[in-house]
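# Architecture and fold: a report
Each chain is listed here by its residues.
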Amino acid sequence: MAIPWSPATRTAAAPGSSSGWYPVAHSAEVSTTPVQVGAGGRAYVVVRLTADGEVTAVSARCPHRLVPLVAAGVVDGHLQCPYHGWRFNAEGRCVEIPSLGPDGTPPPRADLTVPWAVEERDGWVWLAPERTATLRPPRSGGSRPAPDPEPVPDPAPPSGPVFGNLDPSLTRAWHPVALADELVDGGYVQARLLGRTWTVHRRDGELDADPPAWGVQERYGVVWLAPDEPQGPVLAVPEAEDPRFAAAWLPPARSAAPAGPLADTLLDVAHVPFVHAGTTGTSAEEVPAHVVTPEAGGFRSVQEHWSDRGAGRRRATSVYRVPFQLLRRLEEPATGTVRTVLFLLQPEDRDSTRIYTCVLLCAGDAGAVPGDVLAVAVTHQEELLAEDLALHARMDSQGLPLLLRDELHVPADRLGVALRRALADFAAAGATADLPDRASA
Ligand code: FES
Ligand SMILES: [Fe+2]
């Protein structure tokens, strides 16, 4: 007689225990493309690290920035995270962190957790998350109906606070709400900000907001709104007031990702060879540890290096201001050429962020920047942004984890660590501030 089989009747495991065997997928469904599965209430991905190889099962998130590894790929017999290219073997060991350079040794915390056992039997992949009394999974072939896999649980969320787009502290900041060109005189724009709709009018050159805001201003071709008294000023962009620079805004983009993780990517260097392989190439290099200098409302990091393209010394500067204003400046001091990209993020709703990007170019000794050069730079920046947003579409993030031990930080992550600290301080200051009444309106 066929015995109905379900995970609920799989073994005589104690209540709350995850010991025993769990059927998680048809063997034929598991290839070199990872599949997310659940076993014993835990999330794993199952994958073959070679086309006809055995099935490997590892925990479902990368420990670095908690990227779901269902988005990972298989490269040279290893599972490779799509964000920074960390590689894991069949035992879950992290065997390579590209930003550490060829001699870098991944720390033990970089390893993924693996179930006690993985087996294929009768066309099914089975996992035993913990040591179990039976060394092999039960038979499920013959006349016995195939068991139902467990529902796939969400991978474990961070244990500490996560800075999302509706954090209450965000009322105390300047936020971009429109490009100035979107707001003609006598007209208005409706903007989502922090889960509310604001109408910003321009009347006789003056800006005002409905509902009333602590401030509305126009600067650098952007309309800014501060719901309550901001904790800090708008980021200074000297290039925007320098006549030697030509500047152009990209059309504003939108992402379902929260602004914190987006800012993290925009400050990050180590993702470039992996996320931007299609636009900038794939040569992964060791990322030197950045020196980060704290500044009021944020930080700055300056790196100098010699270009291998004959451009001499190059200087890269990153500047960040809370909550979501940042720029990256690349200079060649010998020629005076500068390329700056300014990013401003508008936290619209819990799952919506509007992204403003401005490219500012100076040709230095070569004189004025030709229009076609600026157009090419804008198109290139649009391609880069699209790649970053495609990554975030797969990241499934609720916000930026503020507890540093919820993620794993390596020397290339100094800017990311500084970002988390700055936002933690910002959130704490906002939480203790005596806000005016309209903060809760
Ligand atoms: S390598 Fe996985 S998130 Fe960085
Ligand atoms: Fe990027």
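Small disclaimer: the values here were computed from a predicted structure and weren't measured. The numbers attached to residues start from 1 for each chain and follow its sequence in the written order. The order in which chains are written sets their letters, starting at A; the order in which ligands are written sets their numbers, starting at 1. With the structure being a predicted model, the display of local features is reserved for residues of pLDDT at least 70 and the display and counting of side-chain atom pairs for 80 or more, all residues being used for whole-chain, interface and lining totals. Side-chain figures throughout are based on the complete set of non-hydrogen atoms in the structure, without hydrogens or water.

## Remarks on the coordination of the iron ion (ligand 2)
Keep this limit in mind: Each metal site is built from N, O and S donor atoms within 2.8 Å (3.2 Å for Na, K and Ca), and since water is not included, such sites may look incomplete. Geometry assignment treats four donors as tetrahedral when all angles are between 85 and 135 degrees, treats four as square planar and six as octahedral when opposite donors are over 155 degrees apart and all others between 65 and 115, and treats everything else as irregular. Between buried and exposed lies partly exposed: a residue is buried under 20% and exposed over 50% of the maximum accessible area for its type, with that area taken using a 1.4 Å probe on protein chains only.
Within the protein, the atoms that donate to the iron ion (ligand 2) are His271 (NE2), His276 (NE2), Asp388 (OD) and Asp388 (OD), at distances of 2.1 to 2.5 Å. Seen from the iron ion (ligand 2), its four donor atoms lie at angles of 56 to 144°, and the figure they make is irregular. Here the donor residues of the iron ion (ligand 2) are spaced in sequence according to H-x4-H-x111-D. Here histidine 271 falls in the buried class, since its relative accessible area comes to 3%.

## Looking at the pairing of strand 13 (residues 188-193)
To keep things clear, this is the line we draw: Secondary structure follows DSSP: runs of H or I at least 4 residues long count as helices, runs of E at least 2 residues long count as strands, and numbering of each begins at the N terminus. Any two strands are treated as partners once DSSP identifies two or more bridges connecting them.
Covered by surrounding structure in strand 13 are Val189, Ala191 and Leu193 only, the residues Tyr188, Gln190 and Arg192 on the alternate face being uncovered. Connecting the antiparallel pair strand 13 and strand 14 (residues 196-203) is a turn made up of two residues, with leucine 194 showing a positive phi of about 55°.

## Quick word on the pattern of salt bridges
What counts is decided by this rule: For this analysis, a salt bridge means a side-chain nitrogen from Lys or Arg found within 4 Å of a carboxyl oxygen belonging to Asp or Glu.
Under the criterion given, the structure shown has 24 salt bridges. Ionic pairing is found between glutamate 182 and arginine 354, a salt bridge with its closest N-O pair at 2.8 Å. Here the residue glutamate 182 occupies a position in the loop between strand 12 (175-179) and strand 13, and arginine 354 occupies one in strand 25 (residues 352-362), the gap between them amounting to 172 residues. Overall, arginine 354 belongs to the buried group, its relative accessible area being 14%. Where salt bridges share partners, they join Arg65, Asp264, Glu407, Asp413 and Arg420 into one cluster.

## Digging into empty space enclosed by the protein
Spelled out, the test is: Throughout, the protein atoms alone are placed on a 1 Å grid, and a set of points is a cavity if a 1.4 Å probe fits but cannot get out or a pocket if it is open with protein on both sides within 12 Å along at least five of seven lines; lining residues have an atom within 4 Å of a point. Grid points are joined across faces, edges and corners, and a volume is the space filled by probe spheres set on the points. Side-chain classes follow a simple rule in which Ala, Val, Leu, Ile, Met, Phe, Trp, Tyr, Cys and Pro form the nonpolar group, Asp, Glu, Lys and Arg form the charged group, and the remainder, Gly included, forms the polar group. For every domain, the bounds stem from an assignment made automatically or drawn from a database.
Using the criterion set out here, one finds three cavities of 30 Å³ or more in the structure. Approximately 80 Å³ is the volume attributed to the largest cavity. At the level of secondary structure, the elements contributing two or more residues to the lining of the largest cavity comprise helix 1 (259-267) and helix 5 (414-432). Top element by residues in the lining of the largest cavity is helix 1. It accounts for three residues. Its residues assigned to classes, the lining of the largest cavity comprises five nonpolar, five polar and four charged. The residue makeup of the lining of the largest cavity includes at least three contributed by each of domain 1 (7-128) and domain 2 (237-432). Approximately 40 Å³ is the volume found for the second largest cavity. In this structure, the second largest cavity is lined by His64, His84, Trp86, Ile97, Pro98, Ser99, Ala270, Phe274 and Val410. Taken together, the residues that form the lining of the second largest cavity break down as six nonpolar, three polar and no charged. Both domains that meet at the lining of the second largest cavity, namely domain 1 (7-128) and domain 2 (237-432), each give it at least three residues.

Nothing here speaks to function; it is all geometry.
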